[in-house]
Amino acid sequence: QASTEQWRPNFHFSPAKNWTNDPNGLVYHEGEWHIFYQYNPFENKWGHMSWGHAVSKDLVNWEHLPVAIPEDSVWIFSGGVVIDKNNTSGFGANSMVAIYTADYHGKKENQHLAYSTDKGRTWTKYKGNPIIPAPMPGGKAMKDFRDPNMFWHEPSKQWVMVVVLPLEFKAQFYGSKNLTNWTLLSEFSKQGDLRKMWECPSLIELPIEGEQGTRWVLMLSSNGPHQDFIGMQYFVGTFDGKTFTNDNPADTKLYVDYGKDFYAAIPFYNAPKKSMLGWMASWNYTDALPTFPWKGQMSIPREISLKRTKEGVRLLQKPAEEVLKAKNWRGLVQMEEMGIEEDNGMMWQNQAGSYMIDVEFELNGAREVGVKVMKNPTNNQETLIGYQKDSEQLYINRINSGKVIAPNFASMDASPMKEERGTVRLLVFVDQSSIEVFGNEGEAVITSLIFPEGNSGNWQLFSRGGRAKVTKLKVWEWQKD
Ligand code: FRU
């Protein structure tokens, strides 16, 4: 198979070679950000599931480390990592404790523990595994029971874990004093979007911007064999150390990202700021991902918080400061107050294929504004990122973006978004084979993979249906080290 290094991202994490899916055990510890990740050490496809490992001091440059937790007689599925500062577990002060799902080759799942006393470099599997057996309603162990994520809950002075029974649409909360003995606290089930099984839950307390208060956010990922796309959903509510209570009616559906390629995100534990990252792909077409010798990449880290809106408290996601401030960005364009109409907007030729565009439009008479990226003058491929006034939607249109890897890949994916006083802001990250767009101040986010063919580094601003004004435009290109 030919190498496809032209699709290798520059400022997104990807394994040097072979397959990855979910990020696991995201944690900050003694100056290092850790990504563990679902990894096949042997092949460029799913299998032999183990935890790969990389560390970073700046959330931009990642150092690849050896496989952290290899498969044995079971696969090592997704899970979380905490730092046991006070040695509640007896594995050692400041040890890293991973709890993950042991998958018995599709026959059974339960929760296992491993720990590290050398900053995640070497891991010991706990002798008492499993620490939580699968629930046995009616005496029969449930086959699907996975993806634990843990945190220390100070008010109730205990560790709390959330884990799912995917096919029951049920999240379970467990509590523990020592990370090894867990008791069931409560369950949360059958709320939100129930079209596909639930995976990779997490629970985190987030600040509400401009207010004193906080809210708890339960996130999870939903995917499955049929063709609807769900991706990640979230619930906003309270957590009292025992029960998560949804603020909204049970049928309220809230989505994290409106693209097809953001999945299994979990928060960084013990981090100086509330942040997360996810896997950029969808199970609907993972087999068709065309990259070699690696398959799978992570989103950029996102800082997360909440905002009170007319509809209720909603999630905000902003690109991590570290990514915005990376020393590799070289300013290309900086402009203000420029009129555009149809396709006469500024066109820029860029060979690199990794860039960041921060643009603010005043819509005026226009019905639609945006930017076309990864344009190729030879084969006319391009990806459109825009805002539609009438439908109040932010979108990514990748119908003609390049290689169509699956029938449902060529699509236009849209998120609700509102203008603010007649203006919209788009912060767009283009990195060879992905687009992430953050609308306004991070209230609408869309993530899409693209596989442009040939020399496609051009971009251009556009408006439709009238004249718009670009009030601010800044573009940077990524320069490799
Ligand atoms: C989510 C998931 C998890 C599971 C892992 C296996 O993408 O299906 O539920 O732990 O991937 O690789």
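Residues numbered from 1 in each chain as written. Predicted model: local features only at pLDDT ≥ 70, side-chain atom pairs only at ≥ 80, totals over all residues.

## Focus: the overall build of the chain
Alright, step 1. When you go through the chain residue by residue, the secondary structure sums to 1 helix and 33 strands.
Alright, step 2. Over its C-alpha atoms the chain spans a radius of gyration of 22 Å, differing by no more than 12% from the 23 Å that the globule rule assigns to 481 residues.
Alright, step 3. Along the longest, intermediate and shortest principal axes, the C-alpha atoms of the chain span 65 × 50 × 40 Å.
Alright, step 4. Every one of the 481 residues in the chain was classed for burial, and the buried ones make up 49%.
Alright, step 5. For the chain, long-range pairs separated by at least 24 residues make up 60% of all intrachain contacts whose partners lie at least 6 apart in sequence. (Helix = DSSP H or I, 4+ residues; strand = E, 2+ residues; numbered from the N terminus. Rg over C-alpha atoms; globule rule 2.2 N^0.38 Å. Buried ≥ 20, exposed ≤ 12 C-beta atoms within 10 Å, placed from the backbone. Contact = placed C-beta atoms within 7 Å.)

## Let's talk about the domain arrangement of the chain
Alright, step 1. Splitting the chain by domain gives domain 1 (16–321) and domain 2 (327–478).
Alright, step 2. The centre of domain 1, based on its C-alpha atoms, is set 31 Å off from the matching centre of domain 2.
Alright, step 3. Across the boundary between the two partners, domain 1 contributes 23 residues, which contact 23 residues of domain 2.
Alright, step 4. The dominant element in the side of domain 1 that touches domain 2, judged by the number of residues it contributes, is strand S21 (residues 313–319), at 5 residues. (Domains from an automatic or database assignment.)

## Regarding the sheet that holds strand S7 (residues 109–116)
Alright, step 1. Taking strand neighbours across the sheet as the criterion, the 4 strands line up as S5-S6-S7-S8 in an open arrangement whose pairing is antiparallel. Each edge of the sheet is formed by a strand with only one pairing partner; in this case those strands are strand S5 (75–84) and strand S8 (124–125).
Alright, step 2. As paired elements, strand S6 (residues 95–103) and S7 share 8 bridges and run antiparallel to each other. Its bridge partner being in S7, Val97 is matched across the sheet by Tyr115. (Pairing = 2+ DSSP bridges.)

## Things to note about the pairing of strand S15 (residues 231–239)
Side-chain direction in a regular strand flips from residue to residue, so the side chains alternate between the two faces of the sheet.
Alright, step 1. Here 7 bridges tie strand S14 (residues 214–222) to S15, and the two strands are oriented antiparallel to one another. In the strand pairing of S15, Ser221 is matched with Met232.
Alright, step 2. Taken together, the 3 bridges between S15 and strand S16 (residues 244–246) define a ladder with antiparallel strand orientation. Looking at the pairing, Thr238 lines up with Thr245 of S16.
Alright, step 3. Counting the residues that bridge the hairpin from S15 to S16 gives 4 residues, and of these Gly241 lies at a positive phi of roughly 95°.

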